[in-house]
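# Chain and residue survey
Here's the letter readout for the chains.
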Amino acid sequence: MGTLIKQLSGWGRYPVQSCELERPERYADLRPSGASLIARGQGRSYGDAALNQAGRVLLTERVNRILELDVEQGILRAEAGTTLAEILPVIVPKGWFLPVTPGTKFVSMGGCVAADVHGKNHHHDGSFGDHIVSLEMILADGKHVTCSSSEQPELFWATVGGMGLTGIIGEVTIKLLPITSAYMKVQNHAAENLEQLFELLNDTDRDDRYSVAWIDCLASGENLGRGVAMFGHHADAEHLPPKLGEPLRAKPSRNRSMPFDLPSWTLNQKTIGMFNNFYFKREGGKKKAFLTGYDAYFYPLDSITAWNRMYGKGGFVQYQCVIPDATAFEGIKELLEAVSETKRASFLAVLKRLGAQGSGMLSFPMAGYTLALDLPIRDEGLFNLLNRLDEIVQRHNGRVYLAKDARMSADSFHAMYPRYDEFMSVKNNVDPDNHFSSSMSLRLGMGPSLGMGQVKEAKHD
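A brief report on the enclosed structure follows. Everything quoted here is computed from the prediction, not taken from an experiment.

Parameters at a glance
- Residues numbered from 1 in each chain as written.
- Predicted model: local features only at pLDDT ≥ 70, side-chain atom pairs only at ≥ 80, totals over all residues.
- Heavy atoms only, no water.
- Axes fitted to C-alpha atoms, helices over the stretch in contact; angles between N-to-C directions.
- Helix = DSSP H or I, 4+ residues; strand = E, 2+ residues; numbered from the N terminus.
- Parallel < 35°, antiparallel > 145°, perpendicular 65-115°, else oblique.
- Left-handed = near helix turned anticlockwise from the far one by under 90°.
- Contact = heavy atoms within 4.5 Å.
- Nonpolar A, V, L, I, M, F, W, Y, C, P; charged D, E, K, R; others polar.
- Salt bridge = Lys/Arg side-chain N within 4 Å of Asp/Glu carboxyl O.
- Phe/Tyr/Trp six-rings, centres within 6.5 Å; stacked < 30°, edge-to-face > 60°.
- Buried < 20%, exposed > 50% of the residue type's maximum accessible area, 1.4 Å probe, protein only.
- Lys NZ or Arg CZ within 6 Å of the ring centre and 35° of its normal.
- Pairing = 2+ DSSP bridges.
- Arc of directions from axis to C-beta.

### Thoughts on the packing of helix α8 (residues 328–342) against helix α9 (residues 381–395)
- Contact geometry of α8 with α9 gives a least axis separation of 10 Å together with a crossing angle of 165 degrees. Classified by the interaxial angle, the pair formed by α8 and α9 is roughly antiparallel. Of the two possible hands of crossing, α8 and α9 adopt the one that is right-handed. The segment α8 lies against α9, with Gly331, Glu334, Leu335, Ala338, Val339, Glu341 and Thr342 engaging Leu385, Arg388, Leu389, Ile392, Val393 and Arg395.
- Partitioning the contact of α8 with α9 into residue classes produces seven nonpolar, two polar and four charged.

### Observations regarding the pattern of salt bridges
- Tallied over the full model, the rule gives 26 salt bridges.
- The salt bridge partner of Arg56 is Glu20, with a shortest N-O separation of 2.7 Å. Linking Arg56 in strand β4 (residues 56–59) with Glu20 in strand β2 (residues 17–22), this pair joins segments that are 36 residues apart in sequence.
- Notably, a salt bridge pairs Asp29 with Arg31, separated by 3.9 Å at the nearest N-O pair.
- One connected set of salt bridges, linked through shared partners, spans Asp48, Asp390, Asp405, Arg407 and Arg443.

### A word on the packing of aromatic side chains
- Under the definition given, this model contains 20 aromatic pairs.
- Between the aromatic rings of Phe413 and Tyr417, the centroid separation amounts to 5.3 Å while the plane-to-plane angle is 35 degrees, which identifies the pairing as tilted. In this pair, the class of Phe413 matches that of Tyr417, namely buried.
- An aromatic cluster is present here, built from Phe97, Tyr210, Tyr294, Tyr297, Phe298 and Tyr299 joined pairwise through their rings.
- Just above the ring of Trp11 sits the side chain of Arg44; from NZ or CZ to the centre is 3.6 Å.
- Taking NZ or CZ as reference, Arg226 lies 4.3 Å from the ring centre of Phe280, over its face.

### A closer look at the sheet that holds β2
- The strand order β1-β2-β4-β3 describes an open sheet built from four strands, whose pairing is mixed. The open sheet is flanked by β1 (3–8) and β3 (37–40), the only strands paired with a single partner. With strand direction ignored, the average angle separating the axes of adjacent strands in the sheet is 40 degrees.
- Pairing of β3 with β4, which is carried by four bridges, proceeds in the parallel orientation. When the bridges of β4 are listed, Ile38 appears paired with Val57.

### Here's the deal with helix α11 (residues 420–430)
- Listed in full, the buried residues belonging to α11 are Tyr420, Phe423, Met424, Val426, Lys427 and Val430. Taken end-on, α11 shows its buried residues confined to a sector of 160 degrees, consistent with a single buried face. Of the exposed residues in α11, those oriented more than 90 degrees away from the buried face are Asp421 and Asn429.
- Where α11 is buried, its residues meet α4 (153–159) and α10 (410–416).

### Concerning the packing of helix α5 (residues 194–202) against α8
- Between α5 and α8, the shortest axis-to-axis distance is 11 Å and the interhelical angle comes to 140 degrees. For the element pair α5 / α8, the angle class is oblique. You can see that α5 and α8 cross each other, and the crossing is right-handed. On the side of α5, the interface is formed by Leu194, Glu195 and Phe198, while α8 contributes Ala328, Phe329, Ile332, Lys333 and Leu336.
- Classifying every residue of the contact of α5 with α8 by side-chain character gives six nonpolar, no polar and two charged.

### Digging into the pairing of strand β6 (residues 75–79)
- Relative to β6, strand β5 (residues 66–70) is paired through four bridges, and the arrangement is antiparallel. Its bridge partner lying in β6, Ile66 is registered against Ala78.
- The hairpin formed by β5 and β6 contains four residues between the paired strands, and Gly74 there has a positive phi angle of roughly 75 degrees.
- Sheet analysis places β6 next to strand β10 (residues 168–175), joined by five bridges and oriented antiparallel. Bridge assignment links Glu79 to a residue of β10, and that residue is Glu171.

Everything listed here is a matter of geometry and, on its own, says nothing about what the molecule does.
Right, dumping it as structure tokens:
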């Protein structure tokens, strides 16, 4: 197990930092090393959560064994570096699915825990942490400990959503969801504006296990927030047409590759506007329910390898926030108006309903609506816009998702996450020397030894 210095970034390719990398070859090699350390799975967090310019990054990608699968009870135990892409082909043919999944399968189990990921079913099934049976962790002193919602619960709920700052997540055991087919039954509904879109997402008659809405963020005026609401559930095998064959073996999605960085001018208001019009007509025009494989439904962008290269070498920021139910419509409307006014085109704009806030001390979800925007980095004006969006979110008592963040201020973070002090109490107990830290934790002032001067300096890295 050696180390090397390498330029590293998150999935948004911003910021890019020089980090010292360490790659264990097996579970026994997972251990704290160096003065400052953060574990990294597949690097699919968008900003600097898995970077550590001041220290070492522990790559867990080779610690990826599926250790145990109870096909009767639906219990899976795997090493933290195991990806959802490695798990799905094993569990789906046996009649099981992930209880919660984000929008990409190329994420590690440890990353799902650290970010407490949520999916299209959060309003019904909660986030990833709600389905964890137990975790095995390696603490700063090298000890291996097991924690769960009933065994060392404070450490468990500090780790779920804790962005890897309490220790190295070694093994994850989760409860799976039973299914009878690998297909999804989906129903789309077009909405001409944001009001109609909210009505669709709030309609209990249309609601399904999974719901999400695509938004045309370039639409303005009376069409502000126009989009397509998409509702779906796991299809029953008995209702599938015979031509589909074996119910638990859906045809794999056809994969394409983005072999080079697109020029920065390619994704602009005109080209994205053309795509949005096409997508709105295509998806909004589907009047009848239809069947599709789980890959196409949950992971549409995974079919394009290295799709982040579409944004060019400068990279992009994914801005994801949540606004509580009480003022969700007003808050989301303000956010879309702010983006629309700047004429900054977002290639991807997604609106989802979230359910009750979970127990993770730094978990992102709360009862309300979450909006995610992909915004190319072309000039400093983007960061002025993002600061304005932060102000809107704070005014509505919402928060920004740490797994997507690359530039939020320490003051905004502390205002948005009221359980931060509780989290730090647990972290100080298990990691008194702040051994586990990252570029994100430095930027956000998450550590007893960090002064505000260091935080301000880190913001401009």
